[in-house]
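A closer look at the structure
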Amino acid sequence: MAETVSAGASGGVLGGRRSRQEAAWGYLLIAPVMLGFAVFFLIALGASFYLSFNKWDMLTSPVFNGLDNYRDVWRDGEFREALVNTLAITIPHIVLRLICAMGLAMALNSNIRFRSFYRMLFFLPVLTMPVAIGTIWKWLYDPAFGPINSFLRRFGLPEPEWLSNPRTAIAAVVIVLLWSGVGYDMVIYLAGLQTIPREYYEAASLDGAGAWQRFRDVTLPLLTPTIFFLSVIGIIYSLQVFDLVYVMTRIDQTNQLPTVVYYIYEEGFRNFRMGYAISVAWVLLLMILVFTFIQFRLQRRWVNYV
Amino acid sequence: MVPKFSTRVNRRSLLGAAGGASALALTGMLPKIGSAQDASAVEPYNGEEVTITYGFWDMAQEAAITAQLEAFKVHFPAITVEPQIVPWGDYWTKLQTSLSGGESFDVFWINSASLPVYASAGALLPIDAVVGDGGVDLANFAVPLVEMYGWEGVQYGIPRDFDTIALFYNKDIFDAAGVAYPDDTWTWETFRTVSEQLTDADAGIWGAGLQTSWQENYYNFIYQNGGQLLSEDLSTSVVDSPEASEAFVYLTGFFADELTPTIAIQQSNPVADTLFPAGNVAMLPGGSFRAGTYGQADANIDVAPLPQGKERATVTHGLANVIWSGGANPGAALELVKWLAGEEAETILGESGATVPAHAGLQQPWLDANPDMNLQVFIDALEYAHKVPDPVVGFEWQIKIQEVVIEGFAGNIPAEEIGAQAAAAANEVL
């Protein structure tokens, strides 16, 4: 379609009319999608942006208060705490996930028995609802009755109180995020591994490269585009973690490990400060944009595109 | 890949259109919420066929409410009431979003802490017209309950039930240990001593089950020790007083010495819902609303007054039915609220055993529904019950206190500092 239109734009009268007609059809055909996009995304986005400059409790009309919300976000100690928690989850989560998933993918890319079965096994948690995952893991972490601590007890190891101590809670949440997300990364890695031509390995072997050298000098460089993609997607996802902490670390209205999105929820829906909550959401969006921008900038230094 | 004709609708005009539409959407939907009108201006129900919705959160009361609505239908055959249960965890979110979306419950439950918030926002219909000459005699309800649902001299709700806190205990655990059951002579010392006696880590039994809920835990102990939650004018929190601090230290001791399940354990095992009815906990300070469930539990449960500190005290609360000010059928909604406050509806509620009816003189059916337990202690407790103060700024201060207390119970901050830190945290939002 794009071709016809551009041809029409430079064409004669007849072509112009035809192209206009075709363009009209084009608009007509994408109208349902665009309408949905406009109503559920663009308008909502615009409304949210406007409301972020308002004091709004969701019960009475919004009152415009300029940059007050954003100024408050800047000074808000609780927001900062939530941000620190979020980063403390995100950084180990992403690093460990990229490494574990690569190991898994390489293991499951070799000729072992029941390969497809294992691949399915590791991918299953990806398809499970986060709330269900959180609920199950909460039981696994139970200090008195949970299997994890009774296992540690049997070997006389220290038994952490997992979810009720903010420090161990970070580890607990990271473990669950890893468990539930590693399968996705593994599948993407597998796809990446399978694009590496076998000849490269043969050539490397002929030149006397051992397994480690083949990995370091062939596999790793050729996987950099995959690693880059996964880290961008992973960080965007991880900075928005909510369901898991909502289900796992909350107890009677309080949360040992509030994250940024949890804080947005709390401010908006519990403390009746929806305008403020929305401005926090925009700040988070901005941060994600900055993170992603930096990643795209840095990729030039380390990502190899063949 | 971007088709060329997209340049005709350029980004700026698209964003502009979105912005304009957003503004339209905002002005169109928002002012619907607070249509300030009062019941005297409401057109009385004229007998036409209408359907209204009734929102509430407690699954345990579903049967009772169904029975109430069937009885209501007999009196008002043309009014169909659709019950809508939204579990507690989602209730307030649902209420807020539905109010701001302009499509909410016609009649719904509210708690005292939320009343000032919603009343001041104009989301509730004043019901003065049905009070007094309008049909409902507020003298039938305990004063603190009525006061909870008035705001700035206007009545918004009529109490439907009330709760007080008492000490549930598992008779089998006491019998096995050969210890006498709790009674009204108990003090803080008795409670502590017996908790120590009954705790048996090897058998997986805790003497006490101190919940994370403020209402069923530390509020009672603060009042018993002569403390208060807020100053008289509701402007500052006074949980840093020596009286309140002493209560926090006393309670933290149970957690530190593992006489009660730790916070970590309670994270996945709410004591009142799992460990106590399963027989892992000997004593549980709990609300009257738990009696119905405990009557059917496997454990052999009875109830005694809370142990007393310097004085006898408990906190009381009650829920009320209120009306959304933006509903399409306020007349029918008023009829429902009025009828729900009457003897017939309150008797049905009591007979279900799920909660204590608020209407004076109608508690007997509730007592009869659970004859094996000495539930009279909950009703007697009204005499020494305190109402939790509800400032207009909402209930965030209670959560601020809770955050500090949970940290203290978990052992992350020293017990002596709980009061001071909690008061400071609460004062930030008051």
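Residues numbered from 1 in each chain as written. Chains lettered and ligands numbered in written order. Predicted model: local features only at pLDDT ≥ 70, side-chain atom pairs only at ≥ 80, totals over all residues. Heavy atoms only, no water.

Split into domains, chain A comes out as domain 1 (2-51) and domain 2 (70-302). For domain 1 of chain A and domain 2 of chain A, the distance between their C-alpha centres works out to 39 Å. (Domains from an automatic or database assignment.)

Attention now goes to the sheet that holds strand β10 (residues 281-287) of chain B. Residue and element names in this part refer to chain B. Ordered by their spatial adjacency, four strands build an open sheet running β9-β10-β8-β11, and the pairing between neighbours is mixed. The strands lining the two open edges of the sheet, one partner per strand, are β9 (206-208) and β11 (301-304). Averaged over all pairs of adjacent strands, the angle between their axes in this sheet comes to 30°, without regard to strand direction. When strand β8 (residues 165-170) meets β11, the two strands line up antiparallel, connected through four bridges. Residue Y169 lies in a different strand from β11, and its bridge partner there is D302. The strands that helix α7 (residues 188-198) touches are β8, β9 and β10; relative to β10, the one it contacts most, it runs at about 140°. (Pairing = 2+ DSSP bridges. Helix = DSSP H or I, 4+ residues; strand = E, 2+ residues; numbered from the N terminus. Axes fitted to C-alpha atoms, helices over the stretch in contact; angles between N-to-C directions. Contact = heavy atoms within 4.5 Å.)

Once that is clear, we can look at the packing of aromatic side chains. Residue and element names in this part refer to chain B. Tallied over the entire structure, the rule returns 54 aromatic pairs over all chains. Centroid distance Y54 to F56: 5.8 Å. Interplanar angle 45°. Geometry classified as tilted. Looking at Y54, the relative accessible area reads 0%, which means it is buried. For F56, a relative accessible area of 1% translates into the label buried. Centroid distance F255 to F409: 4.4 Å. Interplanar angle 15°. Geometry classified as stacked. Within this pair, whereas F255 is found in helix α9 (residues 242-256), its partner F409 is found in helix α17 (residues 396-409), the two being separated by 154 residues in sequence. (Phe/Tyr/Trp six-rings, centres within 6.5 Å; stacked < 30°, edge-to-face > 60°. Buried < 20%, exposed > 50% of the residue type's maximum accessible area, 1.4 Å probe, protein only.)

As a further point, take the pairing of β10(B). All names here are of chain B. For β10, a buried count of seven out of seven residues is recorded, marking the element as mostly surrounded by other parts of the structure. By the bridge criterion, five bridges tie β8 to β10 in an arrangement that is antiparallel. When the bridges of β10 are listed, L167 appears paired with P285. Judged from the two bridges that link them, β9 and β10 form a sheet pairing that is parallel. Paired with W206 across the strands is V281, a residue of β10.

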